[in-house]
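Chain and residue survey
For reference, the chains in residue letters:
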Amino acid sequence: QVQLVESGGGLVQAGGSLRLSCAASGSGFSSNAMGWSRQAPGKQRELVAAITSGGSTSYADSVKGRFTISRDGAKNTVYLQMNSLKPEDTAVYYCFLDRTVRARYWGQGTQVTVSS
């Protein structure tokens, strides 16, 4: 089994920053892609950022220039640094790990609320 444990969510004012962390249990996942998605009530789940084993990153247009994804392969941990937060960033953020090309594992989600 793969378990993803997320932390770092909370309440911040617009313009503030948060850093989310997600640690995967076990080992041997450094070659897997990891990332973050988010979902707000009434909206579809949205891919926010992803990072491959080689360090290649991708971002949703809505967060480019504000969010940065990184990973520590030895710790099976992925981070999402969120700066210049906006109220529209309010959502539940889910970490994921692509265990295989067919199997994506998800964390429990962490709430991020940005007040105006």
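Further up the page is the structure itself.
Attention here is on the structure that accompanies the text. Owing to the predicted nature of the structure, the values given are computational and were not obtained by experimental measurement. (Residues numbered from 1 in each chain as written. Predicted model: local features only at pLDDT ≥ 70, side-chain atom pairs only at ≥ 80, totals over all residues. Heavy atoms only, no water.)

A word on the overall build of the protein chain
For the protein chain, the count of helices and strands is zero helices and 11 strands. Listing each helix as α and each strand as β along the protein chain from the N terminus yields β-β-β-β-β-β-β-β-β-β-β. Relative to the compact-globule value of 13 Å for 116 residues, the protein chain shows a C-alpha radius of gyration of 13 Å, a close match. With respect to the three principal axes, the spread of C-alpha positions in the protein chain is 40 × 25 × 20 Å. The buried share among the 116 residues of the protein chain stands at 41%. In the protein chain, 54% of the contacts between residues at least 6 apart in sequence involve partners at least 24 apart. Summed over all atoms, the accessible surface of the protein chain reaches about 6,100 Å², with 46% contributed by carbon and sulfur. (Helix = DSSP H or I, 4+ residues; strand = E, 2+ residues; numbered from the N terminus. Rg over C-alpha atoms; globule rule 2.2 N^0.38 Å. Buried < 20%, exposed > 50% of the residue type's maximum accessible area, 1.4 Å probe, protein only. Contact = heavy atoms within 4.5 Å. Areas by Shrake-Rupley, 256 points an atom, 1.4 Å probe, with all protein chains shown as cover.)

Some details on the sheet that holds strand β8 (residues 77-82)
Across a sheet, paired strands are connected by hydrogen bonds in the backbone, their directions being either parallel or antiparallel. Strands sit in the order β1-β3-β8-β7 across an open sheet of four strands; the sheet is antiparallel. Because the sheet does not close on itself, it has two edges, and the strands there are β1 (4-7) and β7 (67-72). Averaged over all neighbouring strand pairs, the angle between strand axes comes to 15°, with direction disregarded. Two elements, β7 and β8, share six bridges in a ladder whose sense is antiparallel. Looking across to β8, one finds that Ile69 is bridged to Leu80. (Pairing = 2+ DSSP bridges. Axes fitted to C-alpha atoms, helices over the stretch in contact; angles between N-to-C directions.)

Things to note about the nonpolar core
Trp36, Val48, Phe67, Val78, Leu80, Met82 and Tyr93 are the most contacted members of the largest nonpolar core, which totals 27 residues. Broken down by secondary-structure element, the contributors of at least two residues to this core are β3 (18-24), β4 (34-39), β5 (46-51), β7, β8, β9 (91-98) and β11 (110-115). If we skip the residues at most four places from it in the chain, Val78 touches Leu20, Ser21, Cys22, Met34, Trp36, Ile51, Ile69, Ser70, Arg71 and Cys95. (Core = buried A, V, L, I, M, F, W, Y, C linked by side-chain atoms within 4.5 Å.)

Here's the deal with the packing of aromatic side chains
Enumeration over the complete set of coordinates arrives at one aromatic pair. Stacked on the ring of Tyr94, the Lys or Arg Arg45 has its end atom at 4.2 Å from the ring centre. Its end group placed over the ring of Phe96, Arg104 keeps NZ or CZ at 3.9 Å from the ring centre. (Phe/Tyr/Trp six-rings, centres within 6.5 Å; stacked < 30°, edge-to-face > 60°. Lys NZ or Arg CZ within 6 Å of the ring centre and 35° of its normal.)

Observations regarding the environment of Ala103
Mapped onto the elements, Ala103 comes out in the loop between β9 and β10 (104-106). On the basis of relative accessibility, which here comes to 25%, the residue Ala103 falls in the partly exposed class. Between the C-alpha atoms of Ala103 and Trp36, which are 67 residues apart in sequence, the distance is 15 Å. With near-sequence residues (within four places) excluded, Ala103 lies in contact with Leu97 and Asp98.

What to know about the side chain of Asp98
Tracing the backbone shows Asp98 in strand β9. What makes Asp98 buried here is its relative accessible area of 19%.

With respect to the pattern of salt bridges
Per the stated rule, a full pass over the model turns up five salt bridges. Note that Asp98 is salt-bridged to Arg104, the shortest N-O span being 2.6 Å. It is possible to trace a salt-bridge network through shared partners that takes in Arg38, Glu46, Arg66 and Asp89. (Salt bridge = Lys/Arg side-chain N within 4 Å of Asp/Glu carboxyl O.)

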